[in-house]
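Residues per chain are reported as follows:
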Amino acid sequence: MGIVKVTKSLFNPKLVKIVLLCCFLVACKSENEDKEVKATFIGTIEELSSNGALVNVEESTGTKLSGTVSIDIPENTNETFSIGDKIEVGYNGEVMESAPGQVITITVEKIE
């Protein structure tokens, strides 16, 4: 008896297309979830930089947030902010563990 060698390719073009499509759909969903406001807080601007601010949190909804938080100020806002302004910040509900804490800012509005 002779030895029969059977080789089967593990590369399946249809399977590759399905995997790539799934990865694309998951990436799109994750991007949209980051832009949804899931929590807000009201605070006073303590310090400003070219693209962000340090805010002292006075009241929060959606998560327990306190102390000083670093935010980025979206470029598409029509408002000009100053130290001492009271603002309401909408974010995705997650707080990064850093000092100070950081949030992914979605909306920033000056309040009276």
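Check the entry above for the structure.
Because the structure is a prediction, the values reported are computed rather than measured.

Chemist: So, the overall build of the protein chain: which residues are in play, and what are the values?
Modeler: Counting its regular elements, the protein chain contains one helix and five strands. Along the protein chain, from the amino end to the carboxyl end, the secondary structure elements read α-β-β-β-β-β. Sorting the 112 residues of the protein chain into buried and exposed places 22% on the buried side. Excluding contacts between residues fewer than 6 apart, the proportion of contacts in the protein chain whose partners are at least 24 apart in sequence is 52%. Taken as a whole, the protein chain presents about 8500 Å² of accessible surface, with 55% of it coming from carbon and sulfur.

Chemist: Could you give an account of the nonpolar core, with specific residues and numbers?
Modeler: Counting 16 residues, the largest nonpolar core has Phe41, Val55, Val69, Ile71 and Ile87 as the members making the most contacts within it. If we skip the residues at most four places from it in the chain, Phe41 touches Val55, Val57, Glu59, Ser60, Leu65, Val69, Ile71, Ile87, Glu88, Val89, Tyr91 and Val103.

Chemist: Break down the sheet that holds strand S5 (residues 101–110) for me, with residues and values.
Modeler: The strand order S1-S2-S3-S5-S4 describes a closed barrel built from five strands, whose pairing is mixed. Neighbour-to-neighbour, the strand axes of the sheet open up by a mean angle of 55 degrees, direction not taken into account. By the bridge criterion, six bridges tie strand S2 (residues 52–61) to strand S3 (residues 67–72) in an arrangement that is antiparallel. Bridge assignment links Gly52 to a residue of S3, and that residue is Asp72.

Chemist: An account of the pairing of S3 is requested, with residue identities and associated values reported.
Modeler: Here S2 hands over to S3 after five residues, with Gly62 in that stretch at a positive phi of 95 degrees. Sheet topology note: the S3/S5 ladder contains two bridges and is parallel. When the bridges of S5 are listed, Val69 appears paired with Gly101.

Chemist: Describe the pattern of salt bridges, listing the residues and the values that go with them.
Modeler: Taken as a whole, this structure holds two salt bridges when the rule is applied. Of the charged contacts in the structure, one is a salt bridge between Glu58 and Lys86, with a shortest N-O distance of 3.4 Å. Here Glu58, found in strand S2, pairs with Lys86, found in strand S4 (residues 86–96); they are 28 residues apart in sequence, far enough to count as distant. Look at Glu58 and you get partly exposed, because its relative accessible area is 43%. For Lys86, a relative accessible area of 34% corresponds to the partly exposed category. For Asp85, the salt bridge is made with Lys110, and the minimal N-O distance between the two is 3.6 Å. Remark: Lys110 occurs in strand S5 and Asp85 occurs in the loop between S3 and S4; sequence separation between them is 25 residues. Under the relative-accessibility criterion, Lys110 is labelled partly exposed at 31%.

Chemist: Lay out the side chain of Asn92 in plain terms, naming residues and giving numbers.
Modeler: Topologically, Asn92 is positioned in strand S4. Using a relative accessible area of 5% as the deciding quantity, one classes Asn92 as buried. Separated by 3.1 Å, the side chain of Asn92 and the backbone nitrogen of Glu94 make a polar contact.

Rules of the game
- Residues numbered from 1 in each chain as written.
- Predicted model: local features only at pLDDT ≥ 70, side-chain atom pairs only at ≥ 80, totals over all residues.
- Heavy atoms only, no water.
- Helix = DSSP H or I, 4+ residues; strand = E, 2+ residues; numbered from the N terminus.
- Buried < 20%, exposed > 50% of the residue type's maximum accessible area, 1.4 Å probe, protein only.
- Contact = heavy atoms within 4.5 Å.
- Areas by Shrake-Rupley, 256 points an atom, 1.4 Å probe, with all protein chains shown as cover.
- Core = buried A, V, L, I, M, F, W, Y, C linked by side-chain atoms within 4.5 Å.
- Pairing = 2+ DSSP bridges.
- Axes fitted to C-alpha atoms, helices over the stretch in contact; angles between N-to-C directions.
- Salt bridge = Lys/Arg side-chain N within 4 Å of Asp/Glu carboxyl O.
- Polar contact = N/O pair within 3.5 Å; in protein donor to acceptor, adjacent residues only side chain to side chain.

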